[in-house]
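Architecture at a glance
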Amino acid sequence: MVVKIFDDSACFESILTERNVQTVFQPIISLKNGEIYGYEALCRGPAQTKFVNPEVLFEFATEQQRLWELEFLCRTTALERYANLQLEGKLFLNVNPNIMSDIRFREGFTKDYLSQFSIDPDAIVFEITEKEAIRHIAHFQQTVDHYKNQQYRVAIDDVGSGYSGLNIITDVHPHFLKLDMHLIRNIDHDETKQSLVKSLVDFANLANIFIIAEGIETTAELLTLIKFGIHYGQGYLIQRPSPQKEPRNEEVHTIIIRENEQKSNLEPTQIISTSVEQITKATPTVQPTTVIKEVATIFKSLLVDGLCVEKDGKILGVVSKQRLYAAL
């Protein structure tokens, strides 16, 4: 065991001194037109070692109290590779929220420093994970505002994986929300996940926030996310992380274009000549005295978003699923 600890420490030390990390990039694409919006930079340790796994690498750095050095190495390597590969769009960088106020971090993100790579601040998006506890939230808010004022963007990562995500979202007012892959997995046939994601989309649109769905692995998941109006996506279905600039996935691009065309395939002349009867379906009505439990059961069984409230053949109003659940 002593030898193993020594070997791990020696390997980790060589990673820092020899800058022996590799940056791989995973594209983030628009789910409206299929075009690349940016890339998330991911750090890998040396192949043939346990540190090729980023979770193991960063966990060991934390244990050794060397997290700052490792993150600095990964960030500078990512900036260099992003510039050398001439990647288009935003560069998403994973950042531990508790080091953002460090003076060394600020020095690494001055306009003069980024100009070495011909990168503008508005091309950088700091990804802050909600899994990481923030020790001093008030100070952290000031730090985030500092970077926002310099045109940097902020994304909250892993939304849906923790239990305090709503707090950090309301405190930070990010530009992006990245939905955790566990929320996306099998969303095409999970009504609970669908309801949550649709609510997040409504919230994001009202708050002027863009949503990025992580971990898309199947066509069915992709189609569901397009239907719900998710803005951007990434995942193995789109493209796996790569150290090089890879060609666009034409199959996925075609799916996105086709699905969005189908969503808006009615021309103005067609809309004018279409009757209300053609785009509606008959649903039950409820009485003012109908109990909430019964209304909720109808919503669940019929998958409708609203019900008319009527009495004596007159429509008194509408009860919507969203407003009902919000009130509860």
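Residues numbered from 1 in each chain as written. Predicted model: local features only at pLDDT ≥ 70, side-chain atom pairs only at ≥ 80, totals over all residues. Heavy atoms only, no water.

Quick notes on the environment of P121
Tracing the sequence through the fold places P121 in the loop between helix 5 (111–115) and strand 4 (124–129). According to the relative accessible area criterion, P121 is buried, its value standing at 10%. Placed 11 residues apart in sequence, P121 and T110 show a C-alpha to C-alpha distance of 8.3 Å. When neighbours within four sequence positions are excluded, P121 is seen to be in contact with K111, L114, Q150, Q151 and Y152. (Helix = DSSP H or I, 4+ residues; strand = E, 2+ residues; numbered from the N terminus. Buried < 20%, exposed > 50% of the residue type's maximum accessible area, 1.4 Å probe, protein only. Contact = heavy atoms within 4.5 Å.)

Some thoughts on the packing of aromatic side chains
For the structure on display, the rule yields 16 aromatic pairs. A centroid spacing of 5.7 Å and a plane angle of 90° characterise the contact between F105 and Y147, whose relative ring orientation is edge-to-face. Taken as a pair, F105 in helix 4 (residues 103–107) and Y147 in helix 6 (residues 137–148) lie far apart in primary sequence, 42 residues in all. Here F105 falls in the buried class, since its relative accessible area comes to 1%. Accessibility expressed as a relative area gives 1% for Y147, which makes it buried. (Phe/Tyr/Trp six-rings, centres within 6.5 Å; stacked < 30°, edge-to-face > 60°.)

Side note on the sheet that holds strand 4
One closed barrel holds the 8 strands; their spatial order is 1-2-3-4-5-6-7-8, and the pairing between them is mixed. Two strands pair when backbone bridges link them, and strand 2 (residues 36–44) and strand 3 (residues 90–95) are joined in this way by 4 bridges, in the parallel orientation. Residue pairing for strand 3: A41 is matched across the bridge by L93. Strands strand 1 (22–30), strand 2, strand 3 and strand 4 of the sheet are contacted by helix 3 (residues 67–85), whose axis makes an angle of about 65° with strand 1. (Pairing = 2+ DSSP bridges. Axes fitted to C-alpha atoms, helices over the stretch in contact; angles between N-to-C directions.)

Re helix 6
An ideal rise of 1.5 Å per residue puts 16 Å on 12 residues; helix 6 measures up with 16 Å between its terminal C-alpha atoms. Within the sequence span of helix 6, burial applies to F140, T143, V144, Y147 and K148. Along the axis of helix 6, the buried residues cluster in a sector spanning 140°; they form a single face. (Expected span 1.5 Å × (residues − 1). Arc of directions from axis to C-beta.)

What to know about helix 10 (residues 219–228)
Buried within helix 10 are the following residues: E221, L222, T224, L225, I226 and F228. On its buried side, helix 10 packs onto helix 8 (181–184), helix 9 (191–207), strand 7 (210–213) and helix 11 (250–263). A positive backbone phi angle near 85° is found at G229, which sits one or two residues after helix 10.

Points about the confidence of the model for the protein chain
Here the protein chain averages 86 in pLDDT, while 90% of its residues score no lower than 70. When mean pLDDT is compared element by element in the protein chain, strand 8 (residues 232–233) scores highest at 97, while helix 12 (residues 268–273) scores lowest at 57. (pLDDT = per-residue confidence, 0-100.)

As for the pairing of strand 2
On any regular strand, side chains alternate: one points to one face of the sheet, the next to the other face. Two elements, strand 1 and strand 2, share 8 bridges in a ladder whose sense is antiparallel. Bridging across to strand 2, Q26 finds its partner in E40.

A short note on the layout of surface pockets
Considered as a void within the structure, the largest pocket measures approximately 1,400 Å³ in volume. For the largest pocket, the lining is made up of 42 residues, of which P54, E55, N94, D157 and D158 are closest to its centre. Taken together, the elements giving at least two residues each to the lining of the largest pocket come down to strand 1, strand 2, helix 2 (54–63), helix 3, strand 3, strand 4, strand 5 (153–159) and helix 8. Of the residues assigned to the lining of the largest pocket, the class counts are 15 nonpolar, 11 polar and 16 charged. In this structure, the second largest pocket is lined by 13 residues; those nearest its centre are S195, K198, S199, D202 and Q322. Of all the elements in the fold, those that place two or more residues in the lining of the second largest pocket are helix 9 and helix 14 (321–327). (1 Å grid on protein atoms, 1.4 Å probe; cavity = no way out; pocket = protein on both sides within 12 Å on 5 of 7 lines; lining within 4 Å. Points joined across faces, edges and corners; volume = space filled by probe spheres on them. Nonpolar A, V, L, I, M, F, W, Y, C, P; charged D, E, K, R; others polar.)

A closer look at a nonpolar patch on the surface
Taken together, I292, Y325 and L328 make up a surface patch of nonpolar side chains, about 330 Å² in accessible area. Topologically, Y325 is positioned in helix 14. (Patch = residues over 30% accessible without salt bridge, like charges linked within 9 Å, V, L, I, M, F, W, Y side chains within 5 Å. Areas by Shrake-Rupley, 256 points an atom, 1.4 Å probe, with all protein chains shown as cover. Salt bridge = Lys/Arg side-chain N within 4 Å of Asp/Glu carboxyl O.)

With respect to the environment of L93
Position of L93 relative to the elements: it lies in strand 3. As for L93 and A155, which are separated by 62 residues in sequence, their C-alpha atoms are 9.4 Å apart. Residue contacts for L93: discarding those within four places in its chain leaves A41, A78, L79, F109, I124, V125, F126 and E127.

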